[in-house]
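Structural overview
Listed here are the chains, written in short residue letters.
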Amino acid sequence: MDARDGIGGSLAGVDIKDEINRLRTERNAVILAHYYQEPEIQDIADFVGDSLDLSRKAAETDADVIAFCGVRFMAETAKILSPEKIVILPDMNAGCSLEDSCPPDKFKEFRDAHPDHIALTYINCSAAVKALSDIIVTSSSAEKILSQIPMDQKIIFAPDKHLGGYMARKTGRDMLLWPGVCIVHEAFSETELLKLKAKHPGAPVLAHPECPAAILDHADHIGSTSSILAEAKATESDTVIVATEPHIMHQMEKALPEVTFIGAPGADGNCNCNICPYMALNTMEKLYIALRDLQPRIEMDEDLRLEAKKSLDRMLEMASATVGMGDVGAPPVTGD
Ligand code: 13P
Ligand code: SF4
């Protein structure tokens, strides 16, 4: 039976949480979840983290099955790093607007047109684009990785133009930016954010670098989901404004129930418009069915996996490197 049939089939009488707990032991499965997943999924996961944390966990787990509660490029990353494991994703349609913005054939043309540039690519892309890249970055590792690349090395940054633009401004590097955006962070409204700030003077704004510059200009802290969460947990303010996907506020509210966390608004002034529609495809029911049927499963051509692994390994090495002791040298230019 296809996993999707199970959704239509009766789950009456099934205690989804108990079944997930039973199956995770039976399958020797680890459940990894991103902070943008619904609260129940975050609460049942063995580990919740940002893209870099989740990649590291996927590379080091000794489980037989990785149940990845996130989007497809994250589950693909887990498969690239742990090919011997079964990697399941509750809904195979959980894509990403950044991945969609960067088709591999167009990316290859762009690379070929700039043979003296290396490609630094955000992890939010397909395995085929990873295979065409020199180094993968996440929002929590991009700055550290950039600091290890000689200043005179020309760089293409893809596919998120806002993260790339932020990194270019922060590090003083002139990078060629691929014009992709995250539809979630793109939807925040500067006008509405300023109104919200006026209503809550003193409330710090914590923002993800996938936000446009007009939002980042009003932020007190800019960082990956794990960095935003750490900043929120350290707040001394009674109100905090959060400019990223709102499900991360679940962790903030659990840690600091006395603090009011407010999601940054979209153009209609509503703070709920920024739910990632791709992440939202995963549900507890689909997680249960995926663990039960070991489907939908990530499968990948071995040559593609090995090519994509090079740029991911480079990220894992550079993200863990001790910097400030000389750079690690420019990676090879692979554009051909
Ligand atoms: P991080 O969790 O690495 O900050 O990434 C955010 C994101 O948009 C994932 O899709
Ligand atoms: Fe992609 Fe944005 Fe959703 Fe993250 S939040 S998965 S970047 S669309």
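Reading the values: rules and limits
Residues numbered from 1 in each chain as written. Chains lettered and ligands numbered in written order. Predicted model: local features only at pLDDT ≥ 70, side-chain atom pairs only at ≥ 80, totals over all residues. Heavy atoms only, no water. UniProt positions renumbered as here; feature names shortened; annotations may be inferred. Phe/Tyr/Trp six-rings, centres within 6.5 Å; stacked < 30°, edge-to-face > 60°. Helix = DSSP H or I, 4+ residues; strand = E, 2+ residues; numbered from the N terminus. Buried < 20%, exposed > 50% of the residue type's maximum accessible area, 1.4 Å probe, protein only. Lys NZ or Arg CZ within 6 Å of the ring centre and 35° of its normal. Disulfide = S-S within 2.5 Å. Near = heavy atom within 4 Å. Polar contact = N/O pair within 3.5 Å; in protein donor to acceptor, adjacent residues only side chain to side chain. Areas by Shrake-Rupley, 256 points an atom, 1.4 Å probe, with all protein chains shown as cover. Nonpolar A, V, L, I, M, F, W, Y, C, P; charged D, E, K, R; others polar. Pairing = 2+ DSSP bridges. Axes fitted to C-alpha atoms, helices over the stretch in contact; angles between N-to-C directions. Salt bridge = Lys/Arg side-chain N within 4 Å of Asp/Glu carboxyl O.

- An unreviewed UniProt entry lists the chain under the name Quinolinate synthase, with Parasphingopyxis marina as the source organism.
- The chain has a UniProt comment under Function (unreviewed entry) that states "Catalyzes the condensation of iminoaspartate with dihydroxyacetone phosphate to form quinolinate."

A short note on the packing of aromatic side chains
- Inspection of the entire model under this criterion finds two aromatic pairs.
- Their ring planes at 75 degrees and their centres at 5.8 Å tell us that Phe107 and Trp178 sit as a pair that is edge-to-face. In this pair, Phe107 sits in helix 7 (residues 104–113) while Trp178 sits in the loop between strand 8 (175–177) and helix 11 (183–186), placing the two residues 71 residues apart along the sequence. Across this residue pair, the class does not change: Phe107 and Trp178 are buried.
- Here Phe110 and Trp178 contribute two aromatic rings whose centre-to-centre distance is 5.4 Å and whose plane-to-plane angle is 80 degrees, an arrangement assigned as edge-to-face. Of this pair, Phe110 sits in helix 7 while Trp178 sits in the loop between strand 8 and helix 11, placing them 68 residues apart in sequence.
- Its end group placed over the ring of Phe47, Lys57 keeps NZ or CZ at 4.7 Å from the ring centre.

Description of the state of the cysteines
- The final tally for this structure, using the stated rule, is zero disulfides.
- Free of any disulfide, Cys211 has its nearest cysteine sulfur in Cys182, 8.3 Å distant.

A look at the site of ligand 1
- Not every one of the 13 residues close to ligand 1 is listed here, only the nearest: His34, Ser51, Ser139, His208 and Thr225.
- Between ligand 1 and His34, the relevant distance is 2.7 Å, taken from an oxygen atom to a side-chain nitrogen or oxygen of the residue.
- Side-chain polar atom of His208 to an oxygen atom of ligand 1: 2.7 Å apart, as the coordinates give it.
- Contact with the protein chains removes 96% of the 300 Å² of surface that ligand 1 exposes when unbound.
- Among the residues making up the shell around ligand 1, the classes are represented as four nonpolar, seven polar and two charged.

Focus: the sheet that holds strand 1 (residues 29–34)
- Taken in spatial order, the four strands line up as 2-1-3-4 in an open sheet, and their pairing is parallel. Here the strands that pair on one side only, and so sit at the sheet edges, are strand 2 (47–49) and strand 4 (86–88). Between one strand axis and the next, the sheet turns by 20 degrees as a mean value, whatever way the strands run.
- Inspection of the sheet shows strand 1 paired to strand 2 by three bridges, in the parallel sense. Across the sheet, residue Leu32 finds its bridge partner in strand 2, namely Phe47.

Here we look at the pattern of salt bridges
- Taken as a whole and judged by the stated rule, the model has 17 salt bridges.
- For Glu307, the salt bridge is made with Lys310, and the minimal N-O distance between the two is 2.8 Å. Of the two residues, Glu307 and Lys310 both sit in helix 17 (residues 302–320), three residues apart, roughly one turn of that helix.
- The exposure class of Lys310 is exposed, given its relative accessible area of 52%.
- One salt-bridge network, held together by shared partners, links Glu19, Arg22 and Glu26.

Quick look at helix 16 (residues 284–293)
- Counting buried residues in helix 16 gives seven out of 10 residues, a clear majority hidden from the surface.
- Burial in helix 16 covers these residues: Met284, Lys286, Leu287, Tyr288, Ile289, Ala290 and Leu291.

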